[in-house]
Amino acid sequence: MDLFDYMRQTTQQKESPLASRLRPRTLDEVVGQKHIIGKDKLLYRAIKADKLSSLILYGPPGTGKTTLAKVIANTTKAEFTQINATSAGKKDMEEVIKQAKDNQGMYQKKTILFIDEIHRFNKGQQDYLLPYVEDGTIILIGATTENPYFEVNGALISRSIIFQLKPLEQGDIKEILRRAVCDEERGMGSYGAAIDEDALDFLSDISGGDARTALNAIELAVLTTPKAEDGRIHITLDVASECIQRRVVRYDKTGDNHYDTISAFIKSMRGSDPDAAVYYLARMLYAGEDIKFIARRIMICASEDVGNADPYALTVAVSAAQAVERLGMPEAQIVLAQAVTYIAAAPKSNSAVNAIGAAMDAVQNQKIATVPPHLQDAHYGGAAKLGHGTGYKYSHDYPHHYVKQQYLPDELEGCVFYSPSENGYEKKIREHMEFLEKLP
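Concerning the sheet that holds strand β4 (residues 139-144)
The pairing of strands in a sheet happens through backbone hydrogen bonds and is either parallel or antiparallel. Sheet architecture is open: 5 strands sit in the order β2-β3-β4-β1-β5, paired in parallel fashion. Each edge of the sheet is formed by a strand with only one pairing partner; in this case those strands are β2 (79-84) and β5 (161-164). Averaged over all adjacent pairs, the angle separating strand axes in this sheet is 15°, with direction ignored.

A few points about the environment of E304
Relative to the helices and strands, E304 is located in helix α16 (residues 291-306). Residue class for E304 comes out partly exposed when judged on its relative accessible area of 32%. A C-alpha to C-alpha distance of 5.8 Å links E304 and N350, two positions 46 residues apart in sequence. Those residues within four positions of E304 in sequence are excluded, and the remaining contacts are R270, S349, N350 and V353.

Side note on the nonpolar core
Inside soluble globular proteins, nonpolar side chains tend to come together where they are buried. Counting 30 residues, the largest nonpolar core has F265, M269, I294, I298, L336 and I343 as the members making the most contacts within it. When contributions to this core are tallied by element, the ones reaching two or more residues are α14 (256-270), α15 (274-286), α16, α17 (312-327) and α18 (332-345). Residue contributions to this core peak at 8 residues, all from α16. Sequence-distant contacts of L336, that is, excluding residues within four places in its chain, are made with L281, L285, I291, I294, A295, I298 and V324. By size, the runner-up hydrophobic cluster in this structure holds 29 residues, among which are L203, I218, V222 and C243.

Overview of unusual backbone geometry
In the segment running from M329 into P330, the intervening peptide bond is cis, with an omega of 5°. Topologically, P330 is positioned in the loop between α17 and α18. Positive phi values are uncommon outside glycine, yet S272 reaches one of about 60°. For S272, the location among the structural elements is in the loop between α14 and α15. A relative accessible area of 37% places S272 in the partly exposed class. A positive phi is found at H401, a non-glycine position, where the angle reads about 55°. H401 gets classed as exposed once you look at its relative accessible area, which sits at 53%.

Quick notes on the pairing of strand β1 (residues 55-58)
Across the two faces of β1 the burial is the same, with L55 and L57 and I56 and Y58 all buried. Pairing between β1 and β4: 4 bridges, direction parallel. In the sheet register, I56 faces β4, and the bridge partner there is G142.

Some words on the packing of helix α10 (residues 170-182) against helix α11 (residues 197-206)
Between α10 and α11, whose axes approach to 9 Å, the crossing angle comes to 120°. By the angle between their axes, α10 is oblique relative to α11. Classified by chirality, the crossing of α11 by α10 is right-handed. For the pair α10 and α11, the contacting residues are Q170, I173, K174, L177 and R178 in the first and E197, L200, D201, L203, S204 and D205 in the second. Residues belonging to the contact of α10 with α11 are distributed by class as follows: 4 nonpolar, 2 polar and 5 charged.

Considerations on a nonpolar patch on the surface
Among the surface-exposed residues, Y392, Y394 and Y407 lie close enough to one another that they form a single nonpolar patch of about 330 Å² accessible area. Structurally, the position occupied by Y394 is in the loop between α19 (351-365) and α20 (424-438).

Section: α18
Taking 1.5 Å of rise per residue, 14 residues should cover 20 Å, and α18 covers 20 Å from first to last C-alpha, within 8% of that figure. Here α18 has its buried residues at A332, V335, L336, A339, V340, I343 and A344. Angularly, the buried residues of α18 cover 155° about the axis, an arc narrow enough to put them on a single face. For α18, exposure combined with an orientation more than 90 degrees from the buried face picks out I334, Q338 and A345.

Comments concerning the pattern of salt bridges
Across all of its chains, the model carries 16 salt bridges by this definition. The closest approach of N and O atoms between K123 and D127, which form a salt bridge, is 3.0 Å. Linking K123 with D127, this pair stays in helix α7 (residues 123-134), spanning 4 residues, or about one helical turn. Connected via shared salt-bridge partners are R25, E29, E185 and R186.

A look at the environment of V318
Mapped onto the elements of the fold, V318 is located in helix α17. Expressed as a C-alpha distance, the spacing of V318 and I300, which sit 18 residues apart in the sequence, is 9.7 Å.

Reading the values: rules and limits
Residues numbered from 1 in each chain as written. Predicted model: local features only at pLDDT ≥ 70, side-chain atom pairs only at ≥ 80, totals over all residues. Heavy atoms only, no water. Pairing = 2+ DSSP bridges. Helix = DSSP H or I, 4+ residues; strand = E, 2+ residues; numbered from the N terminus. Axes fitted to C-alpha atoms, helices over the stretch in contact; angles between N-to-C directions. Buried < 20%, exposed > 50% of the residue type's maximum accessible area, 1.4 Å probe, protein only. Contact = heavy atoms within 4.5 Å. Core = buried A, V, L, I, M, F, W, Y, C linked by side-chain atoms within 4.5 Å. Parallel < 35°, antiparallel > 145°, perpendicular 65-115°, else oblique. Left-handed = near helix turned anticlockwise from the far one by under 90°. Nonpolar A, V, L, I, M, F, W, Y, C, P; charged D, E, K, R; others polar. Patch = residues over 30% accessible without salt bridge, like charges linked within 9 Å, V, L, I, M, F, W, Y side chains within 5 Å. Areas by Shrake-Rupley, 256 points an atom, 1.4 Å probe, with all protein chains shown as cover. Salt bridge = Lys/Arg side-chain N within 4 Å of Asp/Glu carboxyl O. Expected span 1.5 Å × (residues − 1). Arc of directions from axis to C-beta.

Written out as structure tokens, the structure reads:
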């Protein structure tokens, strides 16, 4: 390292964002994630003993994935190399592998390769790493905000231990913020700042478990708030609320939060909880989810989970879907809320789902003969001479517009696919069908 590199690095350390400066250097400085780095946990013991195997760190932003990698870098005797998958390519990996082979052959020294945002690598790039992870040339540490079982090569997954990091607890965020305000070496302590307890509560809650978001807010607050008459910078609730203009909502339209939230939304409608359903609706709308996507899920739920217990539910859902396309936001949220609360509160039945499922199974797995002759079409040329339609009984010629006759193929005669439930309007359907069965 020459003088210019040293000066650049020194300046960068002083002027880098607070979240970077305050990053823990040792395991004892890490806050939160005790489920994986508690003193009796595997990862803690492995880092302390410098006996790491390949691993994947998976969790939301700001929960400490890169922090743990830095702690490992400060702890291990192995060569530690870091690349970011958003900018690195195969050439960068080839250079790392070459150096790792030299370290292994010449110095009997291991190499740890930390790849941030590993899900950004395509399949070919991930495949390139496989043999070197397999033979121990490198110990891989991957960090990702996406579910690794979806985004990371299955072969790499099988050779790694997955550790899931969770959003930090409110108490953890408070501890980090206090450290940020008071630490004179790496934090904002030299500014003489003080934070009110209600501001601390607000920031630790509103950051959504993301330490980086909370630290960015406190840094902005300290740097932009003038000193009071007592010579100190007071971070009040008003100051804190200005530094975070809106609540952090963890939602990525292609990530876990998208699937988790839409799953909770559907299950709340199915479970007849309109309060929960409209909450998850608001959460999706707040995060910018496509209103047409939401409307499609409501239509599916109206048919799949309400069905004939309230046939009007599907009409409401379809009308809502048409309305949101014509209205757009913000008015569309009212239409969606109406449809969601209606469907959540409606009586439920999945009898139609069971009916089509059983019928599809019969079609796929049973050899079916031709349609019964009396149901066949007799109108096309020569069909009547072949006996098509002979013996068919026209329902409207009989009392109650009903007459008993065979409709299913011979092989399925007597099969029951649709069994109306006792819920809502379907109870009336059941009663009507039982009435028809009693007719002579």
